[in-house]
Amino acid sequence: MSVLVNKDSKIIVQGFTGSEGTFHASQMIEYGSNVVGGVTPGKGGQTHLDKPVFNTVKEAVDATGADVTIIFVPPAFAADAIMEAADAGIKVIVTITEGIPVKDMMLAKPYAKKRGATLVGPNCPGVITPEGAKVGIMPGFIFKKGNVGIVSKSGTLTYEAADQVVKAGYGITTAIGIGGDPIIGTSTKEAVQLLMDDPETEAIVMIGEIGGNYEAEAARWIKENGNKKPVVGFIAGQTAPPGRRMGHAGAIIGGADDTAEAKMKIMAENGVHVVSSPADIGETIKKVLA
């Protein structure tokens with residue numbers, strides 16, 4: 001099993017013929033993902049990477065039965081792309097674009113939710129189910145199939161966690177990069193919940209960072225629901241000074257509970273196996289699954 005995407009997912013690429021869309025779509029196809037076409041307004045009827053190009057998402061869905069999309073659309077137009085995908089009936093919308101205006105996401109997020117779509121991102125590396133589908137920009141060769149799910153706000157730490165898990169002798173069911181923007185479609189708690197409900201996932205790695213309350217919310221939910229599976233947690237930004245944004249737009253300490261120290265304390269109090277360094281993720285997974 002897996003969550004969100006698998007080998008049966010029919011994937012389209014919005015912003016298909018642009019440089020980013022072209023590069024990452026070709027990587028996804030090479031990985032074995034079932035990319036059935038793409039969307040670039042004004043280029044409908046053409047082919048690109050041996051796949052059909054459509055003017056609209058609705059045309060793409062009608063022609064291919066697509067149920068997953070990945071968005072490589074410039075920030076000014078990305079929220080419209082999200083809403084267009086939701087309108088067309090796409091069920092999983094993975095948004096790679098970074099820097100979408102917050103006011104645009106305030107419209108796009110509830111719009112997608114109301115139409116039953118799961119929005120991942122924006123400003124995320126995507127979702128990967130090893131040997132199933134790569135819908136994102138992550139280096140696929142790092143991810144091996146297995147029984148550990150990953151939820152991460154950081155792209156590079158998603159890859160680091162996967163590498164650690166694999167080197168510890170395990171593998172990944174699905175890795176979800178939820179994104180580091182202030183407003184994202186799928187929260188840490190929602191992603192953890194998906195993996196808790198997946199019968200093949202036996203343990204979860206949860207990677208967060210300073211700013212916001214996603215990790216605390218997830219940790220409390222994990223405890224309230226009986227700590228059904230072991231969760232290994234790490235928080236990035238332990239040396240970040242208050243009030244300064246670090247990397248991601250959402251990574252800014254706005255209050256006492258936003259610090260790495262406070263989040264790690266809350267996670268530990270709720271039964272999460274907290275590590276102080278990402279280098280300890282693999283060994284800790286080995287311990288909790290022993």
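## Observations concerning the packing of helix H3 (residues 75-87) against helix H4 (residues 102-114)
- One way to put it is that H3 packs onto H4 with a least axis distance of 9 Å and a crossing angle of 10°. Judged on the interaxial angle alone, H4 and H3 are roughly parallel. Every residue of H4 that contacts H3 at Ala76, Ala79, Ile82, Met83, Ala86 and Asp87 is listed here: Asp104, Met105, Leu107, Ala108, Tyr111 and Ala112.
- Looking at the contact of H3 with H4 residue by residue, the classes come out as 10 nonpolar, no polar and 2 charged.

## A closer look at unusual backbone geometry
- Of note, the bond from Gly121 into Pro122 is cis; its omega dihedral lies within 30 degrees of zero at 10°.
- Within the secondary structure, Pro122 is located in the loop between strand E7 (118-120) and strand E8 (126-129).
- Unusually for a residue other than glycine, Leu4 sits at a positive phi of about 70°.
- Within the secondary structure layout, Leu4 lies in the segment before strand E1 (11-14).
- Since its relative accessible area comes to 21%, Leu4 is described here as partly exposed.
- Non-glycine residue Leu49 carries a positive phi angle of around 55°.
- Take Leu49: it is sitting in the loop between strand E3 (47-48) and strand E4 (51-54).

## Thoughts on the pairing of E1
- Neither face of E1 is open: one carries Ile11 and Val13, the other Ile12 and Gln14, and all of them are buried.
- Of the strand pairs in this sheet, E1 and strand E2 (residues 35-39) are connected by 4 bridges, and their pairing is parallel. Residue pairing across strands places Gln14 opposite Val39, the latter belonging to E2.
- Chirality of the crossover, the property in question, places the unit of E1, helix H1 (residues 19-31) and E2 among those that are right-handed.
- Bridge count for E1 against strand E5 (residues 68-71) is 4 bridges, and the pairing is parallel. The residue bridging Val13 from the neighbouring strand is Ile70, located in E5.

## Looking at the side chain of Thr40
- Mapped onto the secondary structure, Thr40 falls in the loop between E2 and E3.
- At a separation of 3.0 Å, a polar atom in the side chain of Thr40 contacts the side chain of Thr17.
- When sequence neighbours within four positions are dropped, the list of residues in contact with Thr40 reads Gly15, Phe16, Thr17, Val53, Phe54 and Asn55.

## Some words on the pattern of salt bridges
- Counted under the stated rule, the structure contains 10 salt bridges.
- Put simply, Glu215 and Lys153 hold a salt bridge, and the shortest N to O gap is 3.8 Å. Here Glu215, found in helix H7 (residues 214-224), pairs with Lys153, found in the loop between strand E10 (145-152) and helix H5 (155-167); they are 62 residues apart in sequence, far enough to count as distant.
- Classification of Glu215 as buried rests on a relative accessible area of 0%.
- The class for Lys153 is buried, based on a relative accessible area of 4%.
- Between Lys286 and Glu283 there is a salt bridge, with the nearest N and O atoms lying 3.9 Å from each other. Taken together, the residues Lys286 and Glu283, both in helix H9 (residues 281-289) and 3 residues apart, mark about one turn of the helix.
- For Lys286, a relative accessible area of 35% gives the class partly exposed.
- Its relative accessible area of 45% is what places Glu283 among the partly exposed residues.
- One network of salt bridges, in which partners are shared, links Lys153, Glu215 and Lys263.

## Details of H7
- All of the buried residues in H7 are Tyr214, Glu215, Ala216, Ala218, Ala219, Trp221 and Ile222.
- Buried residues along H7 sit in contact with helix H6 (188-196), strand E12 (203-209), strand E13 (231-236) and helix H8 (260-269).
- Gly226 occupies a position one or two residues after H7 and carries a positive phi of about 85°.

## Some thoughts on the sheet that holds strand E11 (residues 172-177)
- One open sheet accounts for 7 strands, arranged E9-E8-E11-E10-E12-E13-E14; its pairing is mixed. Two strands in the sheet have a free side with no partner beyond their single neighbour: strand E9 (133-136) and strand E14 (273-274).
- Where E13 and E14 come together, 2 bridges link them in parallel fashion. Directly across from Val232, in E14, lies its bridge partner His273.
- In this fold H6 packs onto E10, E11, E12 and E13, with an angle of close to 165° to the strand it touches most, E10.

The rules behind these values
- Residues numbered from 1 in each chain as written.
- Predicted model: local features only at pLDDT ≥ 70, side-chain atom pairs only at ≥ 80, totals over all residues.
- Heavy atoms only, no water.
- Axes fitted to C-alpha atoms, helices over the stretch in contact; angles between N-to-C directions.
- Helix = DSSP H or I, 4+ residues; strand = E, 2+ residues; numbered from the N terminus.
- Parallel < 35°, antiparallel > 145°, perpendicular 65-115°, else oblique.
- Contact = heavy atoms within 4.5 Å.
- Nonpolar A, V, L, I, M, F, W, Y, C, P; charged D, E, K, R; others polar.
- Buried < 20%, exposed > 50% of the residue type's maximum accessible area, 1.4 Å probe, protein only.
- Pairing = 2+ DSSP bridges.
- Right-handed = clockwise from strand over helix to strand, strands pointing away.
- Polar contact = N/O pair within 3.5 Å; in protein donor to acceptor, adjacent residues only side chain to side chain.
- Salt bridge = Lys/Arg side-chain N within 4 Å of Asp/Glu carboxyl O.

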